[in-house]
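An overview of the molecular structure
In case you want the letters, here they are:
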Amino acid sequence: MNRSDLRTRILEGLNESASSPVFWSNAQVHTAIQDGMELLSEEAEAIKRTVFFTNKPNQLYYATRGIAEDVLAPYRIWLHTSDRRLSATTVGQLDAYHETWDTVTGEPEYWFPMGWDWFGLWPYQAAGGALLRMDYLAWPRALDDDEDRPEFPEGDHNALVIYGVYEGLLKRWDVEQATMMYTRFLRMLGQAQATSGVRQLQARTWQPEKAPGVGFRTGEPTRFS
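Residues numbered from 1 in each chain as written. Predicted model: local features only at pLDDT ≥ 70, side-chain atom pairs only at ≥ 80, totals over all residues. Heavy atoms only, no water.

Some remarks on the pairing of strand β1 (residues 48-54)
Here is the rule: For every residue, the accessible area obtained with a 1.4 Å probe (protein chains only) is divided by the maximum for its type, and the residue is called buried under 20%, exposed over 50%, and partly exposed between those limits. The helix count covers DSSP runs of H or I at least four residues long, the strand count covers runs of E at least two residues long, and both are numbered beginning at the N terminus. Two strands are said to pair when DSSP picks up at least two bridges between them.
Of the two faces of β1, only one is covered, namely that formed by R49, V51 and F53; the face formed by K48, T50, F52 and T54 stays uncovered. Here β1 pairs with strand β8 (residues 131-138) via seven bridges, running antiparallel. Within β8, the position partnered with T50 by the bridge is D135.

Written out as structure tokens, the structure reads:
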């Protein structure tokens, strides 16, 4: 369905005229569709994209918004120049096995999340210049005109209709019907989560590797293996 189809279905679900709705403007319906897409993207992890970025000299940490504005969460990073996937780790692991890990320089071997919108590469390059590739979960692109279609599989479009009807019922203070619609939306959300396959991939990617039995030697990166 395109944006026009979604809007018509939502208004029909609210017993509104698609050509001259009483309680809703087209802009309000479009906002409800966008809200539904963002919720579906966040919970079902359905939209994946790839972006390339350059390793900056002496830079350990990176803001995701500085790489791509639509990043929801990175789930895999590659050193593209050598076609090598960086292993995922944590600050806790780095602290435990290298007391001065944040001073080590060299070609990146690991990446680690620092928060919802930033991450680190370790070791960091003094010279920089390496090309990296980040695979990430993304926020949905806005539907700017009536012919635009959501990025989700066609089977998930009905969930956006149900969510739009839910928001419309809330606006009319029809809490009982709104609750029923939201329950339907949650069921559809569960189906979208089950079919996306991204949740399992992300869990595997973010799981730290087993740490070695001895610590790193100062100034020398060691693989977690």
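Picking up where we left off.
Re the sheet that holds strand β6 (residues 110-115)
One open sheet holds the four strands; their spatial order is β2-β7-β6-β5, and the pairing between them is mixed. The open sheet has two free edges, formed respectively by β2 (61-63) and β5 (87-88), since each of these has just one partner strand.

Description of the pairing of strand β3 (residues 71-79)
For β3, a buried count of nine out of nine residues is recorded, marking the element as mostly surrounded by other parts of the structure. The sheet contact formed by β3 and strand β4 (residues 84-85) spans two bridges and is antiparallel. Within the sheet, the bridge partner assigned to L79 lies in β4 and is R84. If you look at the hairpin formed by β3 and β4, you'll find four residues sitting between the two strands, and D83 has a positive phi there, around 50°.

Looking at the side chain of T64
The condition that has to hold: A contact between two residues is defined here by any heavy atoms of the two lying within 4.5 Å.
Within the fold, T64 resides in the loop between β2 and β3. Looking at T64, the relative accessible area reads 1%, which means it is buried. If sequence neighbours within four positions are ignored, T64 has contacts with V71, P74, D117, W118 and F119.

Brief notes about the packing of helix α1 (residues 3-13) against helix α2 (residues 26-44)
We count it as follows: Between N-to-C directions, angles span 0 to 180 degrees; the directions come from axes that are lines fitted to C-alpha atoms, helices contributing only their stretch in contact. Geometric relationships in this document are graded by angle, where less than 35 degrees denotes roughly parallel, more than 145 denotes roughly antiparallel, 65 to 115 denotes roughly perpendicular, and other angles denote oblique. Here the term charged refers only to Asp, Glu, Lys and Arg, the term nonpolar to Ala, Val, Leu, Ile, Met, Phe, Trp, Tyr, Cys and Pro, and the term polar to all other amino acids, Gly among them.
Across the interface, α1 lies against α2 with an axial gap of 10 Å and an inter-helix angle of 100°. On the basis of the axis angle, α1 is roughly perpendicular to α2. Where α1 approaches α2, its residues R3, L6, R7, I10 and L11 are matched on the opposing element by N26, V29, H30 and I33. Counted by class, the contact of α1 with α2 contains five nonpolar, two polar and two charged residues.

Describing the nonpolar core
For soluble globular proteins, nonpolar side chains are generally found buried alongside one another. Spelled out, the test is: Nonpolar cores are built from buried Ala, Val, Leu, Ile, Met, Phe, Trp, Tyr and Cys residues. Side-chain atoms within 4.5 Å join them into one set.
Ranked by internal contacts, the top residues of the largest apolar core, which has 46 residues, are F53, I77, F119, L121 and M134. When contributions to this core are tallied by element, the ones reaching two or more residues are α1, α2, β1, β3, β7 (118-122), β8, α4 (157-171) and α5 (175-196). A total of eight residues in this core trace back to one element, the largest contributor, which is α4. Here I77 is in contact with R85, L86, W111, F119, L121, L132, R133 and M134, once residues within four sequence places are set aside. Listed in part, the eight residues of the second largest apolar core include L60, L94, W101 and V104.

Points about the pattern of salt bridges
Spelled out, the test is: When a carboxyl oxygen of Asp or Glu is within 4 Å of a side-chain nitrogen of Lys or Arg, the pair counts as a salt bridge.
Going through the model one piece at a time under the given rule, you end up with nine salt bridges. Across the pair E107 and R84 runs a salt bridge whose closest N-O atoms are separated by 2.9 Å. Of the two residues, E107 is situated in the loop between α3 (91-97) and β6 and R84 in strand β4; the sequence distance between them amounts to 23 residues. We classify R84 as buried; its relative accessible area is 18%. Measuring nitrogen to oxygen at the nearest pair gives 2.6 Å for the salt bridge that ties R149 to E154. Classification of R149 as partly exposed rests on a relative accessible area of 45%. Where salt bridges share partners, they join R49, D70, R141 and E151 into one cluster.

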